[in-house]
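Fold and contact review
Residue-level listing of the chains:
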Amino acid sequence: MFSTSLSVNDLLYLLEGAWVTLQLTVWSILLGTLAGLLFGLLRALLPRASLPLAWLLDVFRSVPLLIQFVLFNSLKSIVGLNLSAFAVGCIVLGVYAAAYFTEIVRGGVLAVPLSTRRASRSLGLSYGQDLRFIVLPIATRVAFPGWLNLVLGVMKDTALVMWIGIVELLRASQTIVTRIQEPLLVLCIAGLIYYVMSLVVARLGARLERRWQEND
Amino acid sequence: MIEIENVHKSFGDLEVVKGVSLTVDKGEVVSIIGGSGSGKSTLLMCINGLEPIQKGCIRVDGIEVHDRATDLNRLRQKIGIVFQQWNAFPHLTVLENVMLAPRKVLGKSRQDAEALAVKQLEHVGLGDKLKAFPSKLSGGQQQRMAIARALAMSPDYMLFDEATSALDPQLVGEVLDTMRMLAEDGMTMVLVTHEIRFARDVSDRVAFFCNGRVHEIGPPDQVIGNPVQPETAAFLKSVK
Ligand SMILES: Nc1ncnc2c1ncn2[C@@H]1O[C@H](COP(=O)(O)OP(=O)(O)OP(=O)(O)O)[C@@H](O)[C@H]1O
Ligand SMILES: [Mg+2]
């Protein structure tokens, strides 16, 4: 007979953790997307001038996220910044996402053939109009799958913020495991919650992509 | 009138156009023929300021193209150009492809731009493809769309850069017919082409390009039918 000491309260605790995970994901993706968009455009359109930016972003892409969390958290204390652990989590994850998204955006913009841009400029479109009506829409379609992958990746990477003391989904499940000693069950449930959250994002994305694909 | 005076153009150390002079009068059709890499495409892109030049001068209706003070976006409105690659805007329907520039550059209303676009698309025989996306069109249809897109700006000049070279042989005819129609309507045109017979049919003058220079120029019957320069004769022989 199957019996468990997992209570309804424990489940609610897990869901609360999931809510934190979701919030972390949303904020860091928001930050990462805006910054990555700006940086990616700079990288694609002014490659020389933005080279130092590329070096900097390389650092954030190469150093393991966990190290970045711990370092930024101690830096915060040293400098005396008054930031919550949650804010630190969002910033570090956001910068990390921005570093990746920059490359995705750059790739998308560079995927627009020069000849297509020549064609639009030769119709009299200005540099800005060409960007807005031709380059960005095409680049968006190219970059979108990469962006979606990034969202799913960041959602899982949020688990690392437990090292700076935030109780999100994974941390919540570990707390419960420690108490009731049923790791398989609890981790399965936590995994299922991650899966469902990712599935929703992936499905929404796939629907948007399908709509574009009907066109081109 | 397009006036090209002693134009030199280099990419880095490589001089591609080496002192070309050529005048195209209003209503005239001038074809440019010549071997691969002789600088034909480059010269066309200089005419509407897509490429800078190092020496010489190009004037369109008296306006100097490479003068810093020239508003290129404005000048380009009256110079349509059709490239070898079709260059459709893949995210826009056929109708939207043609409407875009009239709306955003000329500031026409949606209705006006649409009416104009429909008229141009019907003119090139694409009246039944308005809502289609470019990826659903054949190469010939995409190229005719590109022509309609350029014509929707009511240009005074049309430049064609090997508009049929990337097409399957059975689709070449429909695009050439469209171009012929334009020539008969009195459009001022510069055609870079490898279709020698077509060039002979529609052109008022033919220029043979060789090594970044105009090597021979004159009426088609002379340049194509009875070339003076041995290089011209050799080229014509090689493309036949
Ligand atoms: N953007 C560029 N950068 C560097 N070199 C270029 C560039 N565009 C063209 N060239 C070079 O300039 C020369 C002339 O090119 P162009 O395209 O004008 O020749 P073309 O006469 O049009 O040839 P084709 O018949 O093959 O189209 C070639 O040697 C080419 O490699
Ligand atoms: Mg060429």
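Residues numbered from 1 in each chain as written. Chains lettered and ligands numbered in written order. Predicted model: local features only at pLDDT ≥ 70, side-chain atom pairs only at ≥ 80, totals over all residues. Heavy atoms only, no water.

Quick look at the overall build of chain B now. When you go through chain B residue by residue, the secondary structure sums to nine helices and 10 strands. Seen through its C-alpha atoms, chain B measures out along the principal axes to roughly 55 × 45 × 30 Å. A buried classification covers 55% of the 240 residues belonging to chain B. Across chain B, every contact between residues at least 6 apart in sequence was considered, and the portion connecting residues at least 24 apart equals 63%. Of the accessible surface of chain B, which amounts to about 10300 Å², a share of 46% is contributed by carbon and sulfur atoms. Distance between charge centroids for chain B: 4 Å, based on 27 positive and 30 negative side chains. (Helix = DSSP H or I, 4+ residues; strand = E, 2+ residues; numbered from the N terminus. Buried < 20%, exposed > 50% of the residue type's maximum accessible area, 1.4 Å probe, protein only. Contact = heavy atoms within 4.5 Å. Areas by Shrake-Rupley, 256 points an atom, 1.4 Å probe, with all protein chains shown as cover. Lys, Arg positive; Asp, Glu negative; His and termini not counted. Charge placed at Lys NZ, Arg CZ, Asp CG, Glu CD.)

Attention now goes to the overall build of chain A. Along its length, chain A carries eight helices and zero strands. Projected onto its principal axes, the C-alpha positions of chain A cover 75 × 50 × 25 Å. Per-residue burial over chain A gives 42% buried out of 216 residues. Intrachain contacts of chain A at a sequence separation of at least 6 include 78% that bridge at least 24 residues.

Turning to a nonpolar patch on the surface, a few remarks are in order. Residues and elements named next belong to chain A. On the surface, Leu192, Tyr195, Val196, Leu199, Val200 and Leu204 cluster together into a nonpolar patch covering about 570 Å² of accessible area. Looking at the secondary structure, you find leucine 192 in helix H8 (residues 183-215). The class for leucine 192 is exposed, based on a relative accessible area of 53%. (Patch = residues over 30% accessible without salt bridge, like charges linked within 9 Å, V, L, I, M, F, W, Y side chains within 5 Å. Salt bridge = Lys/Arg side-chain N within 4 Å of Asp/Glu carboxyl O.)

With that out of the way, let us pick up the packing of helix H1 (residues 8-45) of chain A against helix H7 (residues 169-180) of chain A. If you want to describe how two helices pack, look at the angle between their axes and the distance between the axes. Residue and element names in this part refer to chain A. Here H1 crosses H7 at 155°, and the two axes come no closer than 7 Å. Classified by the angle between their axes, H1 and H7 sit roughly antiparallel to one another. Residue-level contacts link Asp10, Tyr13, Leu14, Gly17, Ala18 and Thr21 of H1 to Leu169, Ala172, Ser173, Thr175, Ile176, Arg179 and Ile180 of H7. Residue composition of the contact of H1 with H7, grouped by class: seven nonpolar, four polar and two charged. (Axes fitted to C-alpha atoms, helices over the stretch in contact; angles between N-to-C directions. Parallel < 35°, antiparallel > 145°, perpendicular 65-115°, else oblique. Nonpolar A, V, L, I, M, F, W, Y, C, P; charged D, E, K, R; others polar.)

Residues and elements named next belong to chain B. Strands sit in the order E2-E1-E4-E5 across an open sheet of four strands; the sheet is antiparallel. The sheet terminates laterally at strand E2 (14-24) and strand E5 (63-64), the two strands that pair on one side only. Note that strand E1 (residues 2-11) and strand E4 (residues 55-60) share five bridges and pair antiparallel. Following the sheet pairing, isoleucine 4 is matched in E4 by isoleucine 58. Relative to the sheet, helix H1 (residues 40-47) contacts E1, E2 and E4, its axis offset from that of E1 by approximately 120°. (Pairing = 2+ DSSP bridges.)

This next bit is on the environment of valine 214 of chain B. Residues and elements named next belong to chain B. Among the secondary structure elements, valine 214 is positioned in strand E10 (residues 213-218). With relative accessibility at 23%, the residue valine 214 sits in the partly exposed group. The spacing of valine 214 and valine 17 is 197 residues in sequence and 9.5 Å in space, taken between C-alpha atoms. Ignoring sequence-local partners within four residues, the contact set of valine 214 consists of Val20, Ser21, Ala207, Phe208 and Phe209.

The next point concerns the environment of threonine 21 of chain A. Residue and element names in this part refer to chain A. Residue position: threonine 21 is located in helix H1. Between the C-alpha atom of threonine 21 and that of leucine 65, which follows or precedes it by 44 residues, the distance is 16 Å. Ignoring anything within four residues of it in the chain, the contact list for threonine 21 reads Met155, Thr158, Glu168, Leu169, Tyr194 and Met197. Polar side-chain contacts of threonine 21 include one of 3.2 Å to the backbone nitrogen of leucine 169. (Polar contact = N/O pair within 3.5 Å; in protein donor to acceptor, adjacent residues only side chain to side chain.)

Interfaces are frequently sized by the accessible area removed from exposure as the parts join. Contact with chain B, which involves 25 residues of that partner, is made by 20 residues of chain A. Overall, the association of chain B and chain A removes approximately 2000 Å² of surface from exposure, summing both partners, and the carbon and sulfur fraction of that is 63%. Joining chain B to chain A, the criterion identifies one salt bridge. There are four residue pairs in polar contact (both at pLDDT 80 or more) connecting chain B and chain A. Only helix H2 (72-76), strand E6 (79-82), helix H3 (94-104) and helix H5 (139-151) of chain B provide two or more residues apiece to the side of chain B that touches chain A. The greatest single-element share of the side of chain B that touches chain A, amounting to three residues, is contributed by H3 of chain B. (Buried area = accessible area lost by both parts, 1.4 Å probe.)

What follows concerns empty space enclosed by the protein. Across all of its chains, the model carries one cavity of 30 Å³ or more by this definition. Here the largest cavity defines a volume of roughly 70 Å³. In this structure, the largest cavity is lined by Ala119, Ser122 and Leu123 of chain A together with Ile81, Val82, Phe83, Gln85, Trp86, Gln143, Ala146, Arg149 and Ala150 of chain B. Elements with a minimum of two residues in the lining of the largest cavity: helix H5 (114-122) of chain A together with E6 and H5 of chain B. Here the lining of the largest cavity takes four residues from H5 of chain B, the largest share from any one element. The residue makeup of the lining of the largest cavity, split by class, is eight nonpolar, three polar and one charged. (1 Å grid on protein atoms, 1.4 Å probe; cavity = no way out; pocket = protein on both sides within 12 Å on 5 of 7 lines; lining within 4 Å. Points joined across faces, edges and corners; volume = space filled by probe spheres on them.)

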